[in-house]
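Letter by letter, the chains look like this.
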Amino acid sequence: MFDTFTPQLLELFATSLWETLVMVGLSGLAGTALALPLGVLLHLTHPGGVLENPRLNRVVGGMVNAVRSTPFIILLVAIIPFTRLVTGSSIGTAAAVVPLTMAAAPFIARLIESALREVDHGLVEAALAMGASTPQIVFKVLLPEALPGIVAALTITLVSLTGYSAMAGAIGGGGLGDLGIRYGYQRFLPEVMLAVVLVLIAFVQLLQSLGDWAVRRLSHK
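Position numbers for residues start from 1 in each chain and track the written sequence from start to end. Note on the predicted model: pLDDT of at least 70 is required for a residue's local features to be given, and 80 or more for side-chain atom pairs to be given and counted; whole-chain, interface and lining totals, by contrast, use all residues. Excluding hydrogens and water, the side-chain figures rest on all heavy atoms present in the structure.

Visitor: Go over the overall build of the chain with me, naming the residues and quoting the values.
Guide: Helix numbers and strand numbers start at the N terminus; a helix is a DSSP run of H or I with at least 4 residues, a strand a run of E with at least 2. Broken down by element type, the chain carries nine helices and zero strands. Starting at the N terminus and ending at the C terminus, the chain contains elements arranged as α-α-α-α-α-α-α-α-α. Considered along the principal axes of its C-alpha atoms, the chain spans approximately 70 × 40 × 25 Å. Long-range pairs, those at least 24 residues apart, make up 72% of the contacts in the chain between residues at least 6 apart in sequence. Accessible surface computed for the chain: about 11900 Å², of which carbon and sulfur atoms make up 67%. Both charge centroids of the chain, one from 12 positive and one from 12 negative side chains, sit 7 Å from each other. The contact criterion used is simple: two residues touch if any of their non-hydrogen atoms lie within 4.5 Å. Only the protein chains shown count as cover for residues, and all accessible areas are computed by the Shrake-Rupley method using a 1.4 Å probe. Residues scored as positive are Lys and Arg, those scored as negative are Asp and Glu, and His as well as the terminal groups of each chain are ignored. Throughout, a charge is located at the NZ atom of Lys, the CZ atom of Arg, the CG atom of Asp or the CD atom of Glu.

See below:
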């Protein structure tokens, strides 16, 4: 079994792991940048919100739900023209970041909205009574109070993106998923597939542990 893991294959493992880290990291950052304003907007415009606007809330919520309900493998293929426009290619690690970001953003937005709803409404009312503006309420009340929940949401998202990145590897996205398909499945090397699965499990455990630690630290503060 160990004879399978030649220096060349071990080097390929390291490269694939790095590609997975890049895909998950970049798509997580980009997805959060898109999702944060969406999540805040959904919270502010929901019935009883600071900027209550049911029509806008339904439109934005409908778009978010439409993307969330699309299976990732279908989304991956459906936005290939957009991916090519952004990255110049539809295969490779950079290209995989685009659909991963599109899949992550609405998911994070809903989780952020849920975290913001957990903030004590009395704090918002007190801020309004003192004449706070909407940006002040968002950046000095809502986001600081909801930060532990938002970090927990991002942890869940990064774990999900790890699985999505492996799926992206099945159609040339690179990373550990691509390695598992090409060597473990197509070349009939089950030990390689097993090694990929074990590495992904360890990676997810590390992500979850770091996320839980960050939530505990923020909650104590």
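Once the structure has been displayed, the description carries forward.
Visitor: Which residues make up the packing of helix α5 (residues 93-117) against helix α7 (residues 134-169), and what values do they have?
Guide: Helix axes use the C-alpha atoms of the stretch in contact, all axes being lines fitted to C-alpha atoms, and the angles between their N-to-C directions lie in the range 0 to 180 degrees. The N-to-C vectors of α5 and α7 enclose an angle of 150 degrees; their axes lie 8 Å apart at closest approach. Taken as axis vectors, α5 and α7 run roughly antiparallel relative to one another. Classified by chirality, the crossing of α7 by α5 is right-handed. Under the grouping applied here, Gly and all other residues not named as nonpolar or charged are polar, the nonpolar ones being Ala, Val, Leu, Ile, Met, Phe, Trp, Tyr, Cys and Pro and the charged ones Asp, Glu, Lys and Arg. Classifying every residue of the contact of α5 with α7 by side-chain character gives 20 nonpolar, four polar and no charged. Roughly parallel means an angle under 35 degrees; roughly antiparallel means over 145; roughly perpendicular covers 65 to 115; every other angle is labelled oblique. By convention, the crossing between two helices is left-handed when the near helix turns anticlockwise from the far helix through less than a right angle, and right-handed when the turn is clockwise.

Visitor: Go over the confidence of the model for the chain with me, naming the residues and quoting the values.
Guide: Values of pLDDT, ranging from 0 to 100, describe the predictor's confidence in every residue of the model. Looking at the chain as a whole, its pLDDT mean stands at 87, while 95% of the residues score no less than 70. The least confident element of the chain, judged by mean pLDDT, is helix α8 (residues 175-185) at 79; the most confident is helix α2 (residues 54-68) at 92.

Visitor: Can you lay out the environment of G122 for me, pointing to particular residues and giving the numbers?
Guide: Note on placement: G122 falls in helix α6 (residues 121-129). When the C-alpha atoms of G122 and L154 are compared, they prove to be 26 Å apart, with 32 residues separating the residues in sequence.

Visitor: Provide a residue-level description of the nonpolar core, including the pertinent values.
Guide: Buried Ala, Val, Leu, Ile, Met, Phe, Trp, Tyr and Cys residues form a nonpolar core when they are joined through side-chain atoms within 4.5 Å. Under the scheme applied here, a residue whose accessible area is under 20% of the maximum for its type counts as buried, over 50% as exposed, and between as partly exposed, the area being computed with a 1.4 Å probe on protein chains only. Formed by 34 residues in total, the largest nonpolar core has its most connected members in L116 and L142. Going through the elements one at a time, α1 (7-45), α3 (72-78), α5, α6, α7 and α9 (190-220) are the ones with two or more residues in this core. If one sorts the elements of this core by residue count, α5 sits on top with 11 residues. What L116 contacts, discounting residues up to four positions off in sequence, is G39, V40, H43, L142, L143 and A146. Formed by nine residues, the second largest nonpolar core is a distinct cluster that contains L179, Y183, A195 and L200.

Visitor: Mind laying out the side chain of T157, listing which residues take part and the relevant values?
Guide: Its location among the elements puts T157 in helix α7. What makes T157 buried here is its relative accessible area of 2%.

Visitor: Talk me through the side chain of S27; I want residue IDs and the actual numbers.
Guide: By secondary structure assignment, the location of S27 is in helix α1. Of the residues examined, S27 reaches a relative accessible area of 0% and is grouped as buried. A distance of 3.3 Å separates the side chain of S27 from the backbone oxygen of V24, its partner in a polar contact. Once residues within four sequence positions are removed from consideration, S27 is found in contact with V22, V97, L100, T101, A104 and L161. We call two N or O atoms a polar contact when they sit within 3.5 Å, provided that within protein one can donate a hydrogen and the other can accept it, with sequence-adjacent residues counted only if both atoms are side-chain atoms.

Visitor: Any chance you could break down the pattern of salt bridges for me, citing the residues and the numbers?
Guide: Salt bridges are defined by distance alone: a side-chain nitrogen of Lys or Arg within 4 Å of a carboxyl oxygen of Asp or Glu. One pass over the structure, following the stated rule, counts two salt bridges. A salt bridge links E113 to R110; its shortest N-O distance comes to 2.7 Å. Linking E113 with R110, this pair stays in helix α5, spanning three residues, or about one helical turn. When its relative accessible area of 4% is taken as the criterion, E113 is described as buried. Residue R110 is classed as buried on the basis of its relative accessible area of 18%. Two residues, E113 and R117, come together in a salt bridge whose shortest N-O distance is 2.9 Å. Here the residue E113 and the residue R117 both occupy positions in helix α5, the gap between them amounting to four residues, near one helical turn. What emerges from the salt-bridge pattern is a single network uniting R110, E113 and R117.

Visitor: Explain the environment of V196 to me, and be specific about the residues and the numbers.
Guide: Mapped onto the elements, V196 comes out in helix α9. For V196 and A166, which are 30 residues apart along the polypeptide, the C-alpha to C-alpha distance reads 9.7 Å. Those residues in contact with V196 that lie beyond four places of it in its chain are F13, L176, L179 and G180.

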